[in-house]
Amino acid sequence: NAGVTQTPKFRILKIGQSMTLQCAQDMNHNYMYWYRQDPGMGLKLIYYSVGAGITDKGEVPNGYNVSRSTTEDFPLRLELAAPSQTSVYFCASSGDSGAKNIQYFGAGTRLSVL
Amino acid sequence: QKEVEQNSGPLSVPEGAIASLNCTYSDRGSQSFFWYRQYSGKSPELIMSIYSNGDKEDGRFTAQLNKASQYVSLLIRDSQPSDSATYLCAVSSGYSTLTFGKGTMLLVSP
């Protein structure tokens, strides 16, 4: 039961570098999400996707990009990393929307930008 | 702007007591409500969902929903030290996304 798999678990970036956070799910879920969580804060939605080829911005999309070429994968791209992007990033997936939007989370990626 | 409010805590209770966690939300059109538990350094995991007014029980957990007052609560009976975690309230307004509160930290002392 792999569920939602995120890689890498930890990463340190220098200011201005770029990287891609990987997310894959094996539950054939249509809905996928990227959140960031800062200390003492809840989850803030960065981007989400309702199916392959369809993505939309969440609450805090600036500085990030996403793509969804397959049902399984939903990578998050950071361009020109900034210290403000130091956070823990969670990917989640759901098999339904609305009332049954039960989201399953990956283990997270802890990112530091120095 | 949809908002979900929770007391950040920490809420401290002794082992065996009832822990009561509360959440209020701003969007009257909200339809579905979820409680996630998050241990320190771990990812959130769903523990309860509730969709209609009233109580829903699952083992030691009871979720309570009052749409007229726009609040949802989580009761944990016979609290155990292993229940010590941050509890996140999440609300769906019928679309594809959830709005999360900042979470309430619960500490259960032996």
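Let me sum up the structure you'll find in this document. Residues take numbers from 1 onward in each chain, read along the sequence in its written order. Written order determines the labels here, with chains lettered from A and ligands numbered from 1. Residue-level local features of this predicted model are given only where pLDDT is at least 70; pairs of side-chain atoms are given and counted only at 80 or more, and the full residue set underlies all totals for whole chains, interfaces and linings. Excluding hydrogens and water, the side-chain figures rest on all heavy atoms present in the structure.

## Topic: the interface of chain A and chain B
Stage number 1. Counting residues at the interface gives 24 residues for chain A and 21 residues for chain B.
Stage number 2. Taken together, the two surfaces of chain A and chain B that pack against each other cover about 1,600 Å², and 57% of this comes from carbon and sulfur.
Stage number 3. The definition of a polar contact used here is a pair of N or O atoms within 3.5 Å, where within protein one atom must be able to donate a hydrogen and the other to accept one, and adjacent residues in sequence count solely through side-chain atom pairs. The tally of links between chain A and chain B comes to five residue pairs in polar contact (both at pLDDT 80 or more).
Stage number 4. Secondary structure elements follow DSSP: runs of H or I no shorter than four residues count as helices, runs of E no shorter than two count as strands, and numbering proceeds from the N terminus. At the level of elements, β4 (31-37) and β5 (43-51) of chain A are the ones that each hand at least two residues to the side of chain A that touches chain B. The contact criterion used is simple: two residues touch if any of their non-hydrogen atoms lie within 4.5 Å. The term buried area denotes the loss of accessible surface (1.4 Å probe radius) that occurs when two parts are joined, taken as the sum for both partners.

## Looking at the nonpolar core
Stage number 1. As used in this record, nonpolar core signifies buried Ala, Val, Leu, Ile, Met, Phe, Trp, Tyr and Cys residues forming a set joined through side-chain atoms within 4.5 Å. Burial here depends on accessible area, computed with a 1.4 Å probe over protein chains only, as a share of the maximum for the residue type. Under 20% is buried, over 50% is exposed, and the range in between is partly exposed. Counting 23 residues, the largest nonpolar core has B:W35, B:V72, B:L74, B:I76 and B:Y87 as its most contacted members.
Stage number 2. At the level of secondary structure, the elements contributing two or more residues to this core comprise β3 (19-25), β4 (32-38), β5 (45-50), β7 (61-66), β8 (71-76), β9 (85-92) and β11 (104-109) of chain B.
Stage number 3. By size, the runner-up hydrophobic cluster in this structure holds 19 residues, among which are A:L13, A:M19, A:W34 and A:Y89.

## Examining the state of the cysteines
All names here are of chain B.
Stage number 1. Put simply, a disulfide is two cysteine sulfurs that come within 2.5 Å. This structure, assessed with the given rule, holds two disulfides over all chains.
Stage number 2. Here C23 pairs with C89 through a disulfide, and the sulfurs are 2.1 Å apart. Since a negative S-S torsion denotes a left-handed disulfide, the C23-C89 link at about -70 degrees is left-handed. With C23 in strand β3 and C89 in strand β9, this pair connects stretches of sequence that are 66 residues apart.
Stage number 3. A residue is classified by how much of its surface remains accessible, and C23, at 1% relative accessible area, is buried.

## Quick word on the sheet that holds strand β3 (residues 19-25) of chain A
Residues and elements named next belong to chain A.
Stage number 1. The sheet built from four strands is open, its strands ordered β1-β3-β8-β7 with antiparallel pairing. Across the chains shown, the open sheet's two edge strands, defined by having one partner strand only, are β1 (4-7) and β7 (64-66). Across the sheet, the mean angle from the axis of one strand to that of its neighbour is 20 degrees, orientation sign disregarded.
Stage number 2. Summarising the sheet, β3 and strand β8 (residues 76-78) pair through three bridges and their orientation is antiparallel. Bridge pairing in β8 links L21 to L76. Whether two strands pair depends on DSSP finding at least two bridges between them. The angle between two axes is taken between their N-to-C directions and runs from 0 to 180 degrees, where each axis is a line fitted to C-alpha atoms and a helix contributes only its stretch in contact.

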